[in-house]
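Summary of structural features
Each chain, letter by letter, is given below.
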Amino acid sequence: MEYLYLWLNIGSLAIPFLFSFHPKLQFYKQWKSLFPAIFIMMVFFISWDVLFTEHGIWGFNEAYISGRQIFNLPIEEWLFFICIPYACIFTQQALLLYFPKLKLSDKATAKVYFFLTASLAILLLIFYDRLYTAVNFIYTLILLGLVYNNRRGLLNSFFPTFLFILIPFFIINGILTGSWIAEPVVWYNDAETIGLRMGTIPVEDAIYALGMLLTVVFLMDWFEEKMNKTK
């Protein structure tokens, strides 16, 4: 199972990348906004990742990685933040192209937003001393507030498509956290999480995914608006 993490990254990216050139999808035309958005997201998430790895919040099983590192993070972990967002945003765009009505009303979006933020705030008050939980939930609460108050329309499509995106995300993350394999690729210190898992996946990972992807969606929309103004 050597290089399993690398192959998961490549496998996640392969089909979305090939279909990026499909004449109907033409996802490659969004690269000018996608890759800068991914880069900025990585500034936050890689910094967080390096610190968490150094302090034992999580770590990586050497049996499944190449051993090559940058800032003490496996190269596969760096690739994760490129391959997975690319695949997920591609999936979201494809869903909206083929199912344009896959959007919530403004009223439904507001209800989901307030339920989600209230739930995160309550859990944060209870588990404020769990570092992964606290940092993850604080970041996501700030991000949700920023998007809701500045680009609320993005959430109308993001919330329902995110539910579909969670399916492949959980398959990949399930493998990374030990589902269907002898040992996890990525291990977590349960003292720094709520301790609730969906199979082998810490519940915080769902919020982590939401924060990571919504960051990219928000920044892509901002970049595209700026580019359209300069035309």
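Please refer to the structure placed before this passage.
From a predicted model like this one, the values you see are computed outputs, not experimental measurements.

On to the overall build of the protein chain. From N to C terminus, the protein chain includes seven helices and six strands. Overall, the protein chain shows an N-to-C arrangement of helices and strands of α-α-β-β-β-α-α-α-α-β-β-β-α. Taking 2.2 N^0.38 as the reference for a compact globule, 231 residues should give roughly 17 Å; the C-alpha atoms of the protein chain span a radius of gyration of 18 Å, in line with that estimate. Across its three principal directions, the C-alpha atoms of the protein chain cover 50 × 40 × 30 Å. For the protein chain, with 231 residues in total, the buried portion stands at 52%. The long-range fraction of contacts in the protein chain, counting pairs at least 24 apart against all pairs at least 6 apart in sequence, stands at 77%. Working note: accessible area of the protein chain is about 11800 Å², and carbon and sulfur atoms make up 68% of it. Here the protein chain contributes 15 positively and 16 negatively charged side chains, and the mean placements of these two sets differ by 20 Å.

Moving on to the packing of aromatic side chains. Under the counting rule described, the total for this entry stands at 33 aromatic pairs. With 6.1 Å between their ring centres and 50° between their planes, Trp 48 and Tyr 139 make a pair best called tilted. Of this pair, Trp 48 sits in helix H2 (residues 31–54) while Tyr 139 sits in helix H5 (residues 131–150); the two residues are 91 residues apart in sequence, bridging distant segments of the chain. Judged by relative accessible area, which is 19%, Tyr 139 ranks as buried. Pairing Tyr 132 with Tyr 208 gives two aromatic rings, centres 6.1 Å apart and planes at 65°, and the pair type is edge-to-face. Placement of Tyr 132 in helix H5 and of Tyr 208 in helix H7 (residues 204–230) is noted, with a sequence separation of 76 residues between them. Aromatic rings pair up to connect Phe 44, Phe 45, Trp 48, Phe 52, Trp 58, Phe 80, Phe 81, Tyr 132, Tyr 139, Tyr 188 and Tyr 208 into one cluster. Its guanidinium or amino end placed over the ring of Tyr 148, Arg 152 lies 3.9 Å from that ring's centre, counting from NZ or CZ.

This part covers the pattern of salt bridges. Applying the stated criterion across every chain yields a total of five salt bridges. A salt bridge links Arg 130 to Asp 129; the shortest N-O distance between them is 3.6 Å. Salt-bridge contacts for Arg 151 lead to Glu 225; the nearest nitrogen and oxygen are separated by 3.3 Å. In this pair, Arg 151 sits in the loop between H5 and helix H6 (152–176) while Glu 225 sits in helix H7, placing the two residues 74 residues apart along the sequence. The class for Glu 225 is partly exposed, based on a relative accessible area of 31%. Linked through salt bridges whose partners overlap, the residues forming this network are Arg 151, Asp 221, Glu 225 and Lys 229.

What counts and how
Within every chain, residues take consecutive numbers counted from 1 along the sequence as written. Only residues with pLDDT of 70 or above have their local features reported here, since the model is predicted, and side-chain atom pairs are shown and tallied only from 80 upward, although totals for entire chains, interfaces and linings are computed over all residues. With hydrogens and water set aside, each side-chain value is computed from the structure's full complement of heavy atoms. Note on conventions: DSSP H or I runs of at least 4 residues are helices, E runs of at least 2 residues are strands, and numbering of each starts at the N terminus. Only C-alpha atoms enter the radius of gyration, while the globule expectation follows 2.2 Å times N to the 0.38, with N the number of residues. The classification of residues rests on relative accessible area computed with a 1.4 Å probe and restricted to protein chains. Under 20% of the type maximum is buried, over 50% is exposed, and intermediate values are partly exposed. Note on definitions: a residue-residue contact is assigned when non-hydrogen atoms from the two residues lie within 4.5 Å. Working definition of accessibility: Shrake-Rupley area with a 1.4 Å probe, residue cover restricted to the visible protein chains. Here Asp and Glu are counted as negative and Lys and Arg as positive; His is not counted, and neither are the chain ends. Here the site of a charge means atom NZ of a Lys, CZ of an Arg, CG of an Asp or CD of a Glu. Two aromatic rings from Phe, Tyr or Trp, using only the six-membered ring of Trp, form a pair when their centres are within 6.5 Å; if the ring planes differ by under 30 degrees the pair is stacked, by over 60 it is edge-to-face, and anything between is tilted. Geometrically, a lysine NZ or arginine CZ counts as sitting over a ring once it is within 6 Å of the ring centre and also within 35 degrees of the ring normal. Throughout this description, the term salt bridge denotes a Lys or Arg side-chain nitrogen within 4 Å of a carboxyl oxygen of Asp or Glu.

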